[in-house]
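Analysis of the macromolecular model
Each chain is listed here by its residues.
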Amino acid sequence: MAERMLQFVSLPQEMPEKRAAAERRKDFGEIYRAFAVDRAEQQASRCSQCGVPFCSVHCPLGNNIPDWLKLTAENRLEEAYRLSSATNTFPEICGRICPQDRLCEGNCVIQKDFESVTIGAVEKFVTETAFEEGWVKPRLPSRERAQSVGIVGAGPAGLAAAEWLRALGYQVHVYDRHDRIGGLMVYGIPSFKLEKHVIARRHELLEAQGIVFHLSTPIGSAAGETSFESLREKHDAVFLGTGVYRSREVSVPGSGLGGVVQALDFLTASNRRGYDETPGDDAVLHARGKHVVVIGGGDTAMDCVRTSIRQGAEKVTCLYRRDRANMPGSVQEVKNAEEEGVNFAWLAAPEAFLGDDTVTAVRAHKMRLSLPDASGRQSVEAMPDSSFAIQADLVIKALGFDPEDLPGEWKAPELAVTKWGTLKVTPGRFETSVPGVFAGGDIVRGASLVVWAIRDGREAAAEMHQFLSAKENATADQAARLVAAE
């Protein structure tokens, strides 16, 4: 069926229909409509089937993208799903929120003269079709093992590790401080990018696989918390996929004023409203009727500005100290935000937050870029006498996240960390300084992408399997020696 492929020369790139900005500003539904079957097949047929698939090379999971694109073009959708899910534990999530413009699609070899293949949209289409047709089943183990594994954190790294270890037959228990699985995918990412039923549907599958979830169960040393030591005693191995939740601060006067909030607090409150919950301090953490200023330029900042628009803000401004070309967030997210009415103040950084008890304005100064350093990154410096003010009733600090002090909070000084506060692991083995305790995802690599966390979880699971198998064999050998001695 080779004639079905290489259609990029005659077929233009086409994304699924995007809802009009005026419509999507009013709700938190996903902004793209689903592909029709014929459209998905046509877009998959644009793949050039190149000899060296840079899309796969630049996918952290090494997905066999050209192969499942070809199967999609040939309407062999169940086979396409099987191939896609063989390397991706959660393709329904990655198809929605992966920054394809920086990964697979951004490295498509036909992009120079023709626009890239719409890989993410086709992946979402294939996976949603698989769910509708009943092809998605829990991976049940062929045999049960007596050994148990404790997973701390129900985010993408922890869930990927749990799914793989359970498929191998281990008794898997997942502990999370929140009342739902998903971590930042649930409470950090808005529904217009990832609707919550997608995570709930995966939760049901994981439970059907036999994974036991202990939600609203924080790990720590405070009263009522489960201690790290007891977790180690209870399980034969432990995986730490706690993520990074400590918000970075901006050190300027007025940071303590009312109405100056952290991005995660704002997004969590918004996402809880999506579950028909009423978070505390609702008036402060709601943008309705306010002049909102968001500080930052990453995907979290884009989530905040687009959420503010949907909450009915009077005006939303994103303040970022670099220019558009140096935005760390997705190019597509910036475009979506602009379409929805967000204003961008490029090359501007806050000097102070103004007001008596509650913020009323942000005083900022203009910045300029210097020559690139050895890494190619341009530093920024403030321009003299360039201050200006932006009206603000709500200021959201979206400057990224750092790891929490796990050794201190858990009273586990033996748990070694790097100079950045992330957990130190043996490269390639994911084992921490504590024997039998493994870690992966953001708590090891720092704030990163969901797809990297999934990869870490899967690779750590393979290392844990080796560790547990060796432990089981050693126990069996010891028992045999005792029997022989008798």
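Residues numbered from 1 in each chain as written. Predicted model: local features only at pLDDT ≥ 70, side-chain atom pairs only at ≥ 80, totals over all residues. Heavy atoms only, no water.

The name an unreviewed UniProt entry gives the chain is Oxidoreductase, with Asaia siamensis as the organism.

Details of the side chain of Gln209
Tracing the sequence through the fold places Gln209 in the loop between helix H10 (196-208) and strand E3 (212-214). One polar contact links the side chain of Gln209 to the main-chain carbonyl oxygen of Arg139, over a distance of 2.8 Å. Here the side chain of Gln209 touches Glu163 through a polar contact of 3.1 Å, landing on its backbone oxygen. Not counting residues up to four positions away in its chain, the partners in contact with Gln209 are Pro138, Arg139, Leu140, Pro141, Glu163, Arg166 and Ala167. (Helix = DSSP H or I, 4+ residues; strand = E, 2+ residues; numbered from the N terminus. Polar contact = N/O pair within 3.5 Å; in protein donor to acceptor, adjacent residues only side chain to side chain. Contact = heavy atoms within 4.5 Å.)

With respect to the pattern of salt bridges
Scanning the model with the defined rule gives 36 salt bridges in all. Arg24 is the partner of Glu339 in a salt bridge, and the nearest nitrogen-oxygen pair spans 2.5 Å. Of the two residues, Glu339 sits in helix H14 (residues 331-339) while Arg24 sits in helix H1 (residues 21-24), which places them 315 residues apart along the sequence. Using a relative accessible area of 35% as the deciding quantity, one classes Glu339 as partly exposed. For Glu74, the salt bridge identified is with Arg76, shortest N-O distance 2.7 Å. A cluster of three or more residues bridged by salt bridges with shared partners is formed by Lys18, Arg24, Lys193, Asp303, Arg306, Arg310, Glu333, Glu339 and Glu340. (Salt bridge = Lys/Arg side-chain N within 4 Å of Asp/Glu carboxyl O. Buried < 20%, exposed > 50% of the residue type's maximum accessible area, 1.4 Å probe, protein only.)

Quick word on unusual backbone geometry
A positive phi angle is found at Leu347, which is not glycine, with a value near 50 degrees. In this fold, Leu347 is placed in the loop between strand E9 (343-345) and strand E10 (348-355). Although it is not a glycine, Asp385 adopts a positive phi angle of roughly 55 degrees. Residue placement: Asp385 occurs in strand E12 (residues 378-391).

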